Each structure stands twice: as structure tokens, then as C-alpha cells.
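# Chain and residue survey
These are the residues of each chain, in order.
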Amino acid sequence: MKTILITGGTDGMGRGLAMHYLRRGDSVVVVGHSQGKGDRFLAEAAAMGAKKRATYIRADLSLVSENRRVIKEVRAKHDSLDSIVLAAASLRQAKETKVTGEGFEFLFALMYVSRYILSYGLTDLLEKSPSPVILNIAAPGMKGDVDWNAVEHQGNGGSGKAQFQSSRLNDLLGVAFAERQKQSGAGGESMSQTPAKPTAPNFSQLTPGADGKGISKATLDSYDMLSGSWPKSADDVVLVLDRNNSLSAGTMYQLGLITADQYKDAAKAIEDGGDAPAMDWDYGDLVGREFTLTTASDRYKDDGDGTFTYLADGDANWDALRTNGRTLKISGVIRPMEDAKGANIVTAVAYTPELTDWMIDRADDSAIVKAQESKPDTDVLTGQVFADGRTADDNLAAFGKVNTDAPSSISIYTDSFDDKEAVSDAIKAYNDGKDEDHRITYTDYVALMTSSITTIVNVISYVLIAFVAVSLVVSCIMIGIITRISVLERTKEIGILRALGASKRNVSQVFNAETIIVGLASGLLGVGVTALLTIPANMVVSNLLGAGTLSVGLPIPYAIVLVAISVLITLIGGFLPARKAAKQDPVIALRTE
């Protein structure tokens, strides 16, 4: 089990990594600014059975003093660290710079100073790990030099300049940190700052249909097709706009919609505190555009001696990369519907499950994957035996190899709450009697979000049940009193019935029949009035709350049960007076005036 510290671990990539490491069985320390998000992280960890392995430290990492406090708390609880993930960031930019209470520009302090302090402040704990790693999740610095005369850019061009300056400094921090560790001999060359560069952050898979193929109906019902059509094959993808019909400059650059110069001009405009120039396209012009998908395994060239060379981006390798890749085409342009409930595509491009299957098969059949699987002790990139804790599995993962029989996680989507509960019950039943290594750990996001609401609803329900119970008791007593009064007023009639030969049972049946008729009439009246009141109630809900799918109704089975309860209560209330009437002496009853 490894111990991993993650800053910014309550949102975005930091949160995703935190949950991944917890599922893998590691111990995770998350540092964040929001106590509410921290509590949510701990609740999710507890739900997956990782409560003892999850720790949350609340801190404002834009303050030097808070970074030092985090270091002290980590040292107090842990003797060593295996990895540090530096993911704390802020995407908010303003034309006016924000200065912390300690005098630093806010973004500069959060995105550079904090990384510097934590990296060097926890080095000794990392050195106790056999293969320590610092992962610095920061955007690579744009072209240009560091402005050493205004490192923080306070009051000079807004927060955008400070953010670009921090990116350049993070590049230098990664290089300088690795060089210093190498020179000091502490940690060797294995511990270095690694800037994270996701290869395809704008691509994601569409949620498949119920049969695992096609596209989920919930997705189809949540997006407007502005032009073109939904994907019909693995080569088709859809371009996903936001509700403002826009895409970010980075996305447009990756998709080839703008040139490198246009992207640099947009970045420069933001850096100077201005706005990037707007660019417009017709939806129809985007449909049919093509680009090439190159898988991880396709980026390696067989050297012919048992080793492989990585084909980096660049003019020298473009032709080879295109030849190895697969051509994809934009088949349609979509946009989330207003108030859509299933609009869960978070990337600019979405592809089908068939393309995922193709990429898995492509990696399995690639020369580099087969070569690595045939030589599990030898690194096919160097031709040397694996060292520094690296294994063949690490290489295979980098080459795109996926084991479908052992997924790292499974996402289950259900159509109703009843189905969700059935899935949860099935997992709980499977986990019974299993040790921790063989248990299924899962996070029920709906249960986490609705747990507090459910508690409130239950309390309200219990209070209403108490009021209804009191009302039923009072009703039962009143029915008994009314029936008793009816018996007293009809004493002479009871005597006549007995004189004509009616038995005590017959007299009791007369009054019981009356109470049943009263209960049936009152029950039908109550159910009818309730059914009529649902009409204006639904109109109010629809008009005031805008909830067209939320409606109030009285199901027929429930209505029948309510009528039966009404009859039963009146029968119970009139039972004793009816028995009293049956026991009347006929002679005394006939003499009653």
C-alpha cells in the first residue's frame, strides 16, 4: 500500500486520481480549500470501504503559512510518502489582480509558490520510498521568457499574465528539482517533477445503450442535433457545443479548426488581459471534417533488434503517424437541451463504444504489446532488464493494453431508483463474507446526495403518521359515540325487532351494516375529493416550479386500500355499541318512550 498526497483532490483530475488510488488500496491524503467538498470526499471513501485510508486537510494553499501547516500535519501522521500530486489550481481570471494577505499575487502563490514549498518541504519523506514521484499537473508554459522584473505580475495585465508566468516557472521548477536531486544524490534520478499532459482531454465515449452497443436513449433525449446525424459507425464522432454554442480555443486548436498562430494570438490576448477574438462557423461546415486518431501503441516504431522507438510529434513523423492512425469524421454537431437531465458529455468530442473496442483490439494486436508480453522481464524500449520498480505492466498500460477481464472501475447507470437499489443490494450480497481484497468497492453518488434529504423526509413522514394516527383514534371514538347515540334513540325499534323474532345477532348485524355503509361512503367521498384536488396541485407544480415531469397522483390500488381502511375504522368504532344494542331486554326496550 502506497501513501499519496494530492492537493486540489476534491475537484477535477485531482479528485479522479484520489478516488482511483483509494480503489487501488492506497492511502490518500487530500488537501483542499472547501470543507464541504472535503466531507463529501470522506463520505465517498467511507462508502467504498476506504474510510481508514482517506485523510482530508483543509488549507488555503495560496498562503505560505498554510503550506507550512500542511507539511507539519503530513509529517505528524506519516513517516514517508510515495507520491505527491500537485493539482491545486484556479480557473478564474480577472482583469484586476488579487493579492493574498501575505502580499503575493493569488494565482502565482497558488499555482507556483505552493508547488515549490510542498515539493522541497516534503522531499525527505519522499526519499524514504523506493520509487518516489512528484506529479505536477500544470499547463506547460507558452513560448516566451520569464519576466524576472515582474515575476508575479501584480497590477500588470490582470491574473491571466500571472497564470502564464506561473506555467513557465513550473517548467523551470520541474527541471531544477530533478537536477538538484541528481546532484545531491538523494532520491537518484527517479524522483522528478513530471508535468501532466493528457493526450486527448477533449474526447470521451458516449454512454452505450442497454445492450452495450449504440447510444443511450437518455443521451439521445438530452441533446439537440444542430446539423448532421448521430454516429452510425466507429469512424463517426459528434462535436459537442456548450449551451452558448461555443468551444474553447484549446479544443479548436486540437481539432484543427484554428491554426497554431491563431491559438497563440488568442493565448497572447488573454495573457495581456484582453479577450480572445471570436471566430464563427456554420454548423454544416463542421460536419464532415476529418482528423486522424493515433493510438498509444501506434506511436512506436520497431527498430528490428527487439526494441522500439517512440514517434514524437513533429514534421519528421507526421506521415508515419497518419499512416498508423484511423481517420475519424464529424457526423453531427449537438448541443444540450434546455433543462436536460441526461446531458452528461463533458468533452468537446464524443465517440461510440465501437471505437473503444477497436482501440482495445488494436493495442492487443500491436507489435510492441506482443513483444512486451513475450518478454515480461525486459523493457522493450531500452532492451534492458526492468529497474527502479518499473514493470512490464507499466509499459503495457502506456502502450494502451487493456485487460477487459479486470477493469479498474465499472460505471453502472440505471433507469429508476428501484433498479439502483437492486444493484446496490446485489453488490452487498456479493460482498457478504468476502475479505477486503475481494470485496467490490463502490460509490453510490445518488445515495450520498440524497441521504440528508431522505432523513428530513423520513422525519416529516413520521410526524405526519403520528398526526394521522391520532386522527384515526379520535375518529374511531366519535363513530362509537354516534353509534351509541343511535342505539339509545332506537331502543324501542330494537324491542320490536326482538318481539318479531329477530335474534341478538340480527340486531348487531343491523348496526354493523350501518357503520359499514357510513365508512364506505366517507371513504369514497375522501378518495374522490383527493383525486379532484390533484388536478390543481399538478397545475401549481408545473407552473410555479417548472417541473413538467413531476406530478401528484393517487394510484388506484392505494385508493382501494384507503377505502378499506375507512370501512374498517367505522366497523371497529361501531362494534361495541352494536353489541350493546343486541343485549337489550326486549320487554324493557318495548316500554321505552
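Heads up: the structure comes first, above all this text.
Residues numbered from 1 in each chain as written. Predicted model: local features only at pLDDT ≥ 70, side-chain atom pairs only at ≥ 80, totals over all residues. Heavy atoms only, no water.

### Side note on the nonpolar core
Side chains that are nonpolar tend, in soluble globular proteins, to be buried together. Grouped together as the largest cluster of nonpolar side chains are 30 residues, with contacts concentrated most on L5, V70, V74, L81, I84 and L122. Secondary structure elements with two or more residues in this core: β2 (27-32), α3 (64-77), β4 (83-86), α4 (106-121), α5 (123-126) and α6 (159-184). Discounting chain neighbours no more than four positions away, the residues touching L81 are T3, L5, V74, L122, L125, L126 and S129. In terms of nonpolar packing, the next biggest core, distinct from the first, is built from 18 residues, V237, I258, L328 and V349 among them. (Core = buried A, V, L, I, M, F, W, Y, C linked by side-chain atoms within 4.5 Å. Buried < 20%, exposed > 50% of the residue type's maximum accessible area, 1.4 Å probe, protein only. Helix = DSSP H or I, 4+ residues; strand = E, 2+ residues; numbered from the N terminus. Contact = heavy atoms within 4.5 Å.)

### Side note on the pairing of strand β13 (residues 326-336)
Burial analysis of β13 places eight of its eleven residues in the buried class, the great majority of the element. Looking at chain direction, strand β8 (residues 223-228) and β13 are connected through five bridges and run antiparallel. Within β13, the position partnered with M225 by the bridge is I334. Note that strand β9 (residues 236-240) and β13 share five bridges and pair parallel. By the bridge assignment for β13, V237 is matched with I330. One ladder, built from four bridges, connects strand β10 (residues 290-293) with β13; its direction is antiparallel. Each residue of the ladder has a partner; that of T292, found in β13, is T327. (Pairing = 2+ DSSP bridges.)

### Examining a nonpolar patch on the surface
Nonpolar side chains collect at one region of the surface, where V470, V473, V474, I477, M478, I481 and I485 lie side by side and expose about 620 Å² of accessible area between them. In this structure, I477 sits in helix α16 (residues 445-489). Residue class for I477 comes out partly exposed when judged on its relative accessible area of 48%. (Patch = residues over 30% accessible without salt bridge, like charges linked within 9 Å, V, L, I, M, F, W, Y side chains within 5 Å. Areas by Shrake-Rupley, 256 points an atom, 1.4 Å probe, with all protein chains shown as cover. Salt bridge = Lys/Arg side-chain N within 4 Å of Asp/Glu carboxyl O.)

### Points about helix α17 (residues 491-499)
Three or more residues of α17 are buried, namely T491, I494 and G495. In an axial view of α17, the angular spread of the buried residues amounts to 100°, which keeps them on one side of the axis. Just beyond α17, the residue with positive phi is G501, at close to 110°. (Arc of directions from axis to C-beta.)

### Looking at the packing of aromatic side chains
Across all of its chains, the model carries six aromatic pairs by this definition. Judged by centre distance (5.4 Å) and plane angle (65°), the rings of Y300 and Y310 are edge-to-face. On the criterion of sequence distance, the pair formed by Y300 in strand β11 (residues 300-302) and Y310 in strand β12 (residues 308-310) is long-range, its members being ten residues apart. In this structure Y300 comes out as buried when scored by relative accessible area, which is 17%. In this structure Y310 comes out as partly exposed when scored by relative accessible area, which is 44%. (Phe/Tyr/Trp six-rings, centres within 6.5 Å; stacked < 30°, edge-to-face > 60°.)

### Re helix α12 (residues 353-365)
The terminal C-alpha atoms of α12 lie 19 Å apart, and with 13 residues this matches the ideal 18 Å at 1.5 Å per residue to within 8%. Buried within α12 we find P353, L355, T356, I360 and A363. Buried residues of α12, viewed axially, fall in a sector of 160°; they line one side. Structurally, α12 contributes buried residues whose contacts are with β7 (203-205), β10, β13, β14 (349-351) and α13 (367-374). (Expected span 1.5 Å × (residues − 1).)

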